[in-house]
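Each chain, letter by letter, is given below.
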Amino acid sequence: MSFDYQIEDDLSPTPSGTLEQFSFDAPSLKDNVAGENADREIIVYLPHGYYADTNRTFPVIYVLHGYEGEPSAWFDEGLNDEAGLDDILDELIDEGDLEPSIVVAVDGRSSLNGSWYINSPISGNFLDYLTTDIVKEIDIRYRTQPGKIAIMGHSMGGFGAMMAAFEFPERYRTCVGLSPAGMMMKRHDYQRHSDFFEQELAKLTRGSEPEWFIYAYLTILRAIAPDAENPLLYISKDINQIVAALESFQLSEMAINRAEKIADLPIYTEIGDNEGESVGEPILANFSAMIETFETLQLNVTSHIFSGGHTDKVIEQIYRGLRFIGGVFRDKSSV
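Note that the coordinates shown come from a computational prediction; the quantities given were computed from them, not determined experimentally.

A. Structural detail: the nonpolar core. Ranked by internal contacts, the top residues of the largest apolar core, which has 82 residues, are Tyr62, Trp116, Ile151, Phe159 and Phe166. Excluding its chain neighbours within four sequence positions, the residues that come into contact with tryptophan 116 are Tyr67, Met156, Phe159, Met163, Ala181, Met183, Met184, Ala216, Thr219 and Ile220. Counting 29 residues, the second-largest nonpolar core is a separate cluster that includes Ile93, Leu98, Val314 and Leu322.

Okay, here's the thing in structure tokens:
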């Protein structure tokens, strides 16, 4: 009888969470110079049983999509045409690897294919939108558990998750950066590539098409080297100012500047061994250099290198990232 019962239990369906969607006007994005949309579409995963016990509160995990991505890409088999994030969450919660949690898919889109989740006097304050506007909106709409927030992202989102947690370590219990943007993990010698960047940016002013990644840099430069008096690009016309700003804007530098404040922040980050190059340097080497900086600063970092590239193992990455968050949530010493 016990054998029959075990088979029946194994075949029972995993309890499913619920997906909800809403939009709201983010105060931090209103009336920006570039005309980026302040209306943001948010998708929320609610764990099974959320509506059954109206007195229970839940931890919150914010997830950030990558460049050229969108919130809906996380769900409904949107991840490499495999299991969606909602399926992964159902499984991990059912197995006890993650306590029932509210998961919020943030809208980080922009007219340049991605906001990088950074504050800009040109494009709007996307970091404030991420760390303040959305948090307030979710706290109003849902039963959130105070002080139990995690943030996780992939690629552009991996960079954004780590940057947000470095800036506001008191707000997040932990951060997870999956394959964080390769060109913003360590300092690069951008001066060596100044002629190339000047030529590619000039293409935009002439109405020609530059290399695809120049749009990503343009988004970043509107934050770190802005010029509202240059309305075609809204960035500085001084290439020396541009390359100097790019050299300083990376996770290693942020960690150095915030080391004392983020010393106790549990950080998880990982990357594949087949990522290719960025700014003429192997991305894997950039990652290793960033981790060496973190360890020298004695940060609470856990890192992993897996066999794969930037997008071919996203499902496995999400499992590892969420299990790490689950472990931190269970660890009472991290409170």
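Following the structure, the description resumes.
B. Highlighting unusual backbone geometry. Unlike most non-glycine residues, serine 155 shows phi in positive territory, near 60°. For serine 155, the position within the fold is in the loop between β7 (144–154) and α4 (156–167). Positive phi values are uncommon outside glycine, yet serine 179 reaches one of about 45°. With respect to the secondary-structure elements, serine 179 resides in the loop between β8 (174–178) and α5 (194–206).

C. Representation of the sheet that holds strand β3 (residues 58–64) within the structure. Spatially, β1-β2-β4-β3-β7-β8-β9-β12 is the arrangement adopted by the eight strands of the open sheet, whose pairing is mixed. The open sheet has two free edges, formed respectively by β1 (18–25) and β12 (301–306), since each of these has just one partner strand. The sheet shows a mean angle of 20° between the axes of neighbouring strands, direction not considered. Seen against the sheet, helix α2 (residues 85–95) touches β1, β2 (39–46), β3 and β4 (102–106) and runs at an angle of roughly 30° to β2.

D. Broad picture of the layout of surface pockets. Its volume calculated, the largest pocket comes out at about 860 Å³. Taken together, 32 residues make up the lining of the largest pocket; nearest its centre are Tyr67, Ser155, Trp212, His310 and Thr311. Of all the secondary-structure elements, those providing two or more residues to the lining of the largest pocket are α5, α6 (214–224) and β10 (277–278). Looking at the lining of the largest pocket residue by residue, the class counts come to 16 nonpolar, 12 polar and four charged.

E. Highlighting the pairing of β2. Of all the eight residues making up β2, six are buried; the element is thus mostly covered by neighbouring parts of the structure. In this sheet, β2 lies alongside β1 in antiparallel orientation, the contact comprising eight bridges. Of the residues in β2, the one forming a bridge with threonine 18 is leucine 46. Sheet topology places β2 next to β4; three bridges connect them, and they run antiparallel. Residue pairing for β4: tyrosine 45 is matched across the bridge by valine 103.

F. Spatial organisation of the environment of phenylalanine 306. Secondary-structure assignment places phenylalanine 306 in strand β12. Ignoring sequence-local partners within four residues, the contact set of phenylalanine 306 consists of Ser179, Glu270, Ile271, Gly272, Asp273, Lys313, Gln317 and Arg320.

G. Fine view of the pairing of β7. In terms of burial, β7 is largely enclosed, as eight of its 11 residues are buried. As paired elements, β3 and β7 share six bridges and run parallel to each other. Paired with isoleucine 61 across the two strands is alanine 150, which belongs to β7. Relative to β8, β7 runs parallel, the two being bridged by five bridges.

Rules used in this analysis
Residues numbered from 1 in each chain as written. Predicted model: local features only at pLDDT ≥ 70, side-chain atom pairs only at ≥ 80, totals over all residues. Heavy atoms only, no water. Core = buried A, V, L, I, M, F, W, Y, C linked by side-chain atoms within 4.5 Å. Buried < 20%, exposed > 50% of the residue type's maximum accessible area, 1.4 Å probe, protein only. Contact = heavy atoms within 4.5 Å. Helix = DSSP H or I, 4+ residues; strand = E, 2+ residues; numbered from the N terminus. Pairing = 2+ DSSP bridges. Axes fitted to C-alpha atoms, helices over the stretch in contact; angles between N-to-C directions. 1 Å grid on protein atoms, 1.4 Å probe; cavity = no way out; pocket = protein on both sides within 12 Å on 5 of 7 lines; lining within 4 Å. Points joined across faces, edges and corners; volume = space filled by probe spheres on them. Nonpolar A, V, L, I, M, F, W, Y, C, P; charged D, E, K, R; others polar.

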